[in-house]
Number of protein chains: 2
Amino acid sequence: MTPIAIGIDIGGTNTKYGIVDREGNVLAKHSISTRQFESVEEYVLSVSNAVKALIADLGQEVEVSGIGIGAPNANYFTGKIEYAPNLRWKGIIPLADLFEAQFKAKVTLTNDANAAAIGEMMYGAAKGMKNFIMITLGTGVGSGFVVNGDLIYGHDGFAGEFGHVCAVRGGRLCTCGRRGCVETYAAARGLVLTVQEELAASDGASPMRHILPENLTPKDIFEAAEAGDPIAHRAFDYTGKILGEALANVVAITSPQAIFLFGGVARAGKWILEPTKRYMEADLLGIFKNKVELIPSKLPGSEAAILGASALVWKEKENIS
Amino acid sequence: MTPIAIGIDIGGTNTKYGIVDREGNVLAKHSISTRQFESVEEYVLSVSNAVKALIADLGQEVEVSGIGIGAPNANYFTGKIEYAPNLRWKGIIPLADLFEAQFKAKVTLTNDANAAAIGEMMYGAAKGMKNFIMITLGTGVGSGFVVNGDLIYGHDGFAGEFGHVCAVRGGRLCTCGRRGCVETYAAARGLVLTVQEELAASDGASPMRHILPENLTPKDIFEAAEAGDPIAHRAFDYTGKILGEALANVVAITSPQAIFLFGGVARAGKWILEPTKRYMEADLLGIFKNKVELIPSKLPGSEAAILGASALVWKEKENIS
């Protein structure tokens, strides 16, 4: 029987799930709307049945090694989701227990950035690395810090909130209620805000002047940059400055071998990597200069979330044995 | 035979060394001038002979379990001191090898803040803690980050440079050549600079007006604060603001159970603890509020450096077995 891991990525809108083998091959995958379920019990039952159907359809004998789940506000230690603002289920949700009852297999739960970090370590470009940082630049900014080969979960299971490191004292208002968080500059909406500031500060022509700010995406800004739009170039430069300088500070704490960038904003490639790297290097303490790789995640975008979640299963098994 | 550890704390001016048992009793200790030795070989020979004499004078049979050394710019992985600006011996010094040749026992080398962190974990208030931060506020600002029960050494052995996290963009010039490092505000000289700024900004009476800035110490500022000097109070408040806000950022990364303050500036007690705690709490992300203890180190000041260095020995032995 082939050992397989079930990977489940819970987003506010959709849940992606899949069956993954130890080598990181996604044997089957699917997705389901998260929002349609008013009760978490219904949700877990529907997802579990869908996963069981996927397994049955595989046409081979498999052994479920465990279930890995990436979810917002997920606590590795308790197996619970705690007060996730983007989910319909309020309060503290014992998600690991609910899935464990369905599968009689060990469930490992953590946030999506931590799952991506473990995915990169198991299947991606961080193979063999003991010290690295995964930064996810999407709707928010998440992070997973790997030290001595293990994730930093911290005392309470909530470590790794790089998105809420203060980058600019008294800066942009964040959804967390504080000001100047990295997230308000380096997440998708932060990049869009910077474009709006740049558009307001000049009268240069730009294709982005003809897109409603609420409709503007990192992809539009990437395309403008590719087409030579100086406003897009300046917006990426400023985003890279904020991000790079904030990364220089955390390099001083954990001294990683590499930093991986993942998510929508990271898909802008060199436009975001180059300035981030340049500002980070300029700001690093001497002993860290020219030592830290800054590279895009090597997990395939469409399957990355499932791969990350499934990797939690192998990581747990291999730590224990 | 009683197992003992040799603890050696190498400072730019003096080297403290002692014999410590597993319970943290300092059986014997002494110190020697570091600066008098032009060659590191002479230095190691003199310290080793002095330590051997201390052991002989103990009047009991002991077994040397190992040698722990806290030193500036010390690399745990290589056992070398690398380009320490405050030592006479330049370049890369293979200190662990040199001492190993003298004692035929395992030598563990790291910086003084990491040694203090392990000391706190072995003998002090961090017993049983798996996630905490040690901050040393002395001539410089050092730090040791413990995560999952182990120090973060990072990819290259130089992790934990909290003193060189940028706290104020474009702020005070640091000895590292960069600007705004935590150290330029929260080390002894930083506190003195803040007092000078406060003295310049008001014409209020203060006993500190009659002390040459080069002679002003954290102890003088503490005494002024105790005597009710508002300039000293404001200086501690500002120092606490810079330190507390910088700590809020690293709490978001490692989510520690506690943060320990150690060293000359920390000896100002409530005058530094209270504002640091207040500004840190005000700036913490919601999920971390009212969770992180901020407390003085419980290692006895006069023996702390030797205890920290010696604790490295037990930590190594207990990790291996």
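Only a predicted model underlies this, so the values are computations on that prediction, with no experimental measurement involved. (Residues numbered from 1 in each chain as written. Chains lettered and ligands numbered in written order. Predicted model: local features only at pLDDT ≥ 70, side-chain atom pairs only at ≥ 80, totals over all residues. Heavy atoms only, no water.)

## Quick look at the overall build of chain A
Consideration 1: Helix and strand counts for chain A stand at nine helices and 13 strands.
Consideration 2: Scaling as 2.2 N^0.38, a compact globule of 321 residues should have a C-alpha radius of gyration of about 20 Å, and chain A matches this with 20 Å.
Consideration 3: With respect to the principal axes defined by its C-alpha atoms, chain A has extents near 60 × 45 × 35 Å.
Consideration 4: The burial tally for chain A puts 58% of its 321 residues in the buried class.
Consideration 5: Here the contacts in chain A between residues at least 6 apart in sequence split such that 63% fall between residues at least 24 apart. (Helix = DSSP H or I, 4+ residues; strand = E, 2+ residues; numbered from the N terminus. Rg over C-alpha atoms; globule rule 2.2 N^0.38 Å. Buried < 20%, exposed > 50% of the residue type's maximum accessible area, 1.4 Å probe, protein only. Contact = heavy atoms within 4.5 Å.)

## Overview of the nonpolar core
Consideration 1: By size, the foremost hydrophobic cluster in this structure holds 101 residues, and its most contacted members are Phe162(A), Ile259(A), Phe162(B) and Ile259(B).
Consideration 2: Per-element accounting of this core gives the leading share, 13 residues, to helix α7 (residues 230-254) of chain B.
Consideration 3: Not counting residues within four places of it along the chain, the set of residues in contact with Phe162(A) comprises Ile135(A), Val141(A), Ser143(A), Phe145(A), Val182(A), Leu243(A), Ala246(A), Leu247(A), Val250(A) and Ile253(B). (Core = buried A, V, L, I, M, F, W, Y, C linked by side-chain atoms within 4.5 Å.)

## What to know about the sheet that holds strand β10 (residues 141-147) of chain B
Residue and element names in this part refer to chain B.
Consideration 1: Read from one edge of the open sheet, five strands run β11-β10-β9-β12-β13, paired in mixed fashion. The open sheet has two edge strands, β11 (150-151) and β13 (293-296), and neither has a second partner.
Consideration 2: Here strand β9 (residues 132-137) pairs with β10 via six bridges, running antiparallel. Across the sheet, the residue bridging to Thr-136 is Gly-142, located in β10.
Consideration 3: Across the sheet, helix α3 (residues 112-123) touches β9, β10, β11 and β12 (258-262), and the angle it forms with β10 is around 50 degrees.
Consideration 4: Of the strands in this sheet, β12 and β13 touch helix α8 (residues 270-283), which is tilted by about 165 degrees from β13. (Pairing = 2+ DSSP bridges. Axes fitted to C-alpha atoms, helices over the stretch in contact; angles between N-to-C directions.)

## With respect to the packing of aromatic side chains
All names here are of chain B.
Consideration 1: Counted by the stated rule, this structure contains 14 aromatic pairs over all chains.
Consideration 2: For the pair Tyr-76 and Phe-77, a centre-to-centre distance of 5.6 Å together with 65 degrees between the ring planes defines the contact as edge-to-face.
Consideration 3: Plain terms: the ring middles of Phe-132 and Phe-260 are 5.6 Å apart, the flat faces sit at 90 degrees to each other, and that makes the pair edge-to-face. Of the two residues, Phe-132 is situated in strand β9 and Phe-260 in strand β12; the sequence distance between them amounts to 128 residues. (Phe/Tyr/Trp six-rings, centres within 6.5 Å; stacked < 30°, edge-to-face > 60°.)

## Digging into the interface of chain A and chain B
Consideration 1: Taken together, the contacts link 38 residues of chain A with 38 residues of chain B.
Consideration 2: Summing the contributions of chain A and of chain B, the shared interface buries around 3200 Å²; its carbon and sulfur component is 55%.
Consideration 3: Of all residues in chain A, His155(A), Arg169(A) and Ile253(A) give up the largest surface area on contact with chain B, accounting jointly for 20% of the area buried on that side.
Consideration 4: Connecting chain A to chain B are six salt bridges. (Buried area = accessible area lost by both parts, 1.4 Å probe. Salt bridge = Lys/Arg side-chain N within 4 Å of Asp/Glu carboxyl O.)

## Quick word on α3(B)
Residue and element names in this part refer to chain B.
Consideration 1: Between its terminal C-alpha atoms α3 stretches 16 Å, which fits the 16 Å expected from 12 residues at 1.5 Å a residue.
Consideration 2: Where burial is concerned, most of α3 is hidden: 11 out of the 12 residues are buried.
Consideration 3: All of the buried residues in α3 are Ala-113, Asn-114, Ala-115, Ala-116, Ala-117, Ile-118, Gly-119, Glu-120, Met-121, Met-122 and Tyr-123.
Consideration 4: A side-chain oxygen of the first residue of α3 lies 3.0 Å from the backbone nitrogen of Ala-113; this N-cap is Asn-111. (Expected span 1.5 Å × (residues − 1). Polar contact = N/O pair within 3.5 Å; in protein donor to acceptor, adjacent residues only side chain to side chain.)

## Description of the packing of helix α5 (residues 188-201) of chain A against helix α7 (residues 230-254) of chain A
Each packed pair of helices is defined by two parameters, the angle between the axes and the distance between the axes.
Residue and element names in this part refer to chain A.
Consideration 1: Where α5 contacts α7, the axes come no closer than 9 Å and their chain directions differ by 130 degrees. Relative to α7, the element α5 is oriented oblique. You can see that α5 and α7 cross each other, and the crossing is right-handed. Listed contacts from α7 to Leu-191, Thr-194, Val-195, Glu-198 and Leu-199 of α5 are Ile-231, Arg-234, Ala-235, Phe-236, Tyr-238 and Thr-239. (Parallel < 35°, antiparallel > 145°, perpendicular 65-115°, else oblique. Left-handed = near helix turned anticlockwise from the far one by under 90°.)

## Focus on the side chain of Asp229(A)
All names here are of chain A.
Consideration 1: On the secondary structure map, Asp-229 appears in the loop between α6 (218-226) and α7.
Consideration 2: For the buried Asp-229, which has no salt bridge, the nearest side chain bearing the opposite charge is Arg-234, at an N-O separation of 7.0 Å.
Consideration 3: One polar contact links the side chain of Asp-229 to the main-chain amide nitrogen of Ile-231, over a distance of 2.9 Å.
Consideration 4: Excluding residues that lie within four positions of it along the chain, Asp-229 makes contacts with Ala-205, Ser-206, Pro-207, Met-208 and Ala-224. (Lys, Arg positive; Asp, Glu negative; His and termini not counted.)

## Looking at the relation of the copies chain A and chain B
Consideration 1: At an RMSD of 0.0 Å, chain A and chain B line up after a rotation of 180 degrees and a shift of 0.0 Å along the axis. The transformation just described matches what one would write down for a two-fold rotation axis.
Consideration 2: Of all interface residues in chain A, 100% are interface residues in chain B too; the two copies therefore contact each other through one and the same surface. (Least-squares fit on C-alpha atoms with pLDDT ≥ 70 in both.)

## Overview of the pairing of β12(B)
Residue and element names in this part refer to chain B.
Consideration 1: Burial runs high along β12: five of the five residues are buried.
Consideration 2: Of the two faces of β12, the one carrying Ala-258, Phe-260 and Phe-262 and the one carrying Ile-259 and Leu-261 are both buried.
Consideration 3: Direction of pairing for β9 relative to β12: parallel, over a ladder of five bridges. By the bridge assignment, Met-134 is partnered in β12 with Phe-260.
Consideration 4: Bridge count between β12 and β13: four bridges; the pairing is parallel. Its bridge partner being in β13, Ile-259 is matched across the sheet by Leu-294.
Consideration 5: What joins β12 to β13 is α8, and the crossover it makes is right-handed. (Right-handed = clockwise from strand over helix to strand, strands pointing away.)

## Regarding the pattern of salt bridges
Consideration 1: Summed over the entire model, instances satisfying the criterion amount to 30 salt bridges over all chains.
Consideration 2: Between Lys315(A) and Asp150(A) there is a salt bridge whose closest N-O contact spans 2.9 Å. With Lys315(A) in helix α9 (residues 304-320) and Asp150(A) in strand β11 (residues 150-151), the pair connects residues that are 165 residues apart, well separated along the chain.
Consideration 3: The partner of Glu198(A) in a salt bridge is Arg234(A), with the nearest N and O atoms 3.0 Å apart. Pair noted here: Glu198(A) is in helix α5 and Arg234(A) is in helix α7, with a separation of 36 residues, a long-range link.
Consideration 4: Taken together, the shared-partner salt bridges connect Arg169(A), Lys241(B), Glu245(B) and Asp283(B) into one network.

## Here we look at the pairing of strand β2 (residues 14-21) of chain B
All names here are of chain B.
Consideration 1: Along β2, six of the eight residues are buried, which leaves the element largely enclosed by surrounding structure.
Consideration 2: Where strand β1 (residues 2-10) and β2 come together, seven bridges link them in antiparallel fashion. Bridge pairing in β2 links Ala-5 to Val-20.
Consideration 3: Between β1 and the antiparallel strand that follows it, β2, lie three residues.

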